Amino acid sequence: QVQLVESGGALVQPGGSLRLSCAASRSIGSIISMAWFRQAPGKQRELVAGITDLGNTDYADSVKGRFTISRDNAKSTVYLQMNNLTAEDTAVYYCNVPAAVIGGTYFGGAWGQGTQVTVSS
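Below is a short write-up of the structure. If you're wondering where the values come from, they're calculated on a predicted model, not measured in any experiment.

We now examine the sheet that holds strand β3 (residues 18-24). Strand order in the open sheet formed by four strands is β1-β3-β8-β7, with antiparallel pairing between adjacent strands. Sheet topology places β1 (4-7) and β7 (67-72) at the edges, where each strand pairs with a single neighbour. The average angle at which neighbouring strand axes cross in this sheet is 15°, direction not considered. Summarising the sheet, β7 and strand β8 (residues 77-82) pair through six bridges and their orientation is antiparallel. Across the sheet, the residue bridging to I69 is L80, located in β8.

In structure tokens, the structure reads:
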């Protein structure tokens, strides 16, 4: 099973930007779907953005227009560019390679250890 390592989390002021990276332990060229999730304190883990091998993307409504997911198969890395951050974006962000995606719902698969994003002045 692929192993995932996230990085790039930090403390940032409201309105700021961050880019998260998710490095995979093997080539991701054959991986159909990859995604970023987040979990805020006291809340359930939620899908932030997903991307397919064809470059198709989908986003949570709360991040549309602010976040961009991308993948670099040559570097076996998936990125999440986050702009215009707000306090509501504070969470631990996780990278995921799902075992299956059915009807837009991601099921199981491999997870990274997470990276903390804190948006505060």
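Applying the stated criterion across every chain yields a total of four salt bridges. Residues R38 and E46 are paired through a salt bridge, measuring 2.7 Å at the closest nitrogen-oxygen approach. What makes R38 buried here is its relative accessible area of 6%. Under the relative-accessibility criterion, E46 is labelled partly exposed at 35%. The closest approach of N and O atoms between D61 and K64, which form a salt bridge, is 3.1 Å. Each of the salt bridges in this network shares a partner with another, and the network as a whole consists of R38, E46, R66 and D89.

This paragraph deals with the state of the cysteines. Applying the stated criterion across every chain, the model contains one disulfide. Put simply, C22 and C95 are joined by a disulfide, and their sulfur atoms are 2.1 Å apart. Between C22 and C95, the S-S torsion sits near -80°, and that sign places the bridge as left-handed. Separated by 73 residues along the polypeptide, C22 in strand β3 and C95 in strand β9 (residues 91-97) bring together distant segments of the chain.

Another point: the packing of aromatic side chains. For the coordinates displayed, the defined rule picks out three aromatic pairs. For the ring pair F37 and W111, a centre distance of 5.0 Å and an interplane angle of 65° mean the geometry is edge-to-face. Linking F37 in strand β4 (residues 33-39) with W111 in strand β12 (residues 110-111), this pair joins segments that are 74 residues apart in sequence. Pairing Y94 with W111 gives two aromatic rings, centres 6.5 Å apart and planes at 85°, and the pair type is edge-to-face. With a gap of 17 residues between them, Y94 in strand β9 and W111 in strand β12 connect regions that are remote in the sequence. In this structure an aromatic cluster arises from ring pairing among F37, Y94, Y106 and W111. Across from the ring centre of Y94, 3.8 Å away, lies the NZ or CZ of R45, which sits over that ring.

Moving on, we get to the nonpolar core. Within the largest apolar cluster, 30 residues are counted, with the highest numbers of intra-cluster contacts made by L4, M34, W36, L80, M82 and Y93. With sequence-adjacent residues up to four places away left out, L80 is seen in contact with L18, R19, L20, W36, V48, A49, F67, T68, I69 and Y93.

The next thing to look at is the pairing of β4. Of all seven residues making up β4, six are buried, and the element is well covered by its neighbours. Taken together, β4 and the strand that follows it, strand β5 (residues 46-52), pair antiparallel across an intervening segment of six residues, in which G42 is found at a positive phi of about 75°.

The next thing to look at is the environment of D72. Within the element layout of this structure, D72 appears in strand β7. Accessibility expressed as a relative area gives 24% for D72, which makes it partly exposed. For the pair formed by D72 and G29, sequence separation is 43 residues and the distance between their alpha carbons is 8.8 Å. Once residues within four sequence positions are removed from consideration, D72 is found in contact with I28, T77 and Y79.

About the criteria used
- Residues numbered from 1 in each chain as written.
- Predicted model: local features only at pLDDT ≥ 70, side-chain atom pairs only at ≥ 80, totals over all residues.
- Heavy atoms only, no water.
- Pairing = 2+ DSSP bridges.
- Helix = DSSP H or I, 4+ residues; strand = E, 2+ residues; numbered from the N terminus.
- Axes fitted to C-alpha atoms, helices over the stretch in contact; angles between N-to-C directions.
- Salt bridge = Lys/Arg side-chain N within 4 Å of Asp/Glu carboxyl O.
- Buried < 20%, exposed > 50% of the residue type's maximum accessible area, 1.4 Å probe, protein only.
- Disulfide = S-S within 2.5 Å.
- Phe/Tyr/Trp six-rings, centres within 6.5 Å; stacked < 30°, edge-to-face > 60°.
- Lys NZ or Arg CZ within 6 Å of the ring centre and 35° of its normal.
- Core = buried A, V, L, I, M, F, W, Y, C linked by side-chain atoms within 4.5 Å.
- Contact = heavy atoms within 4.5 Å.

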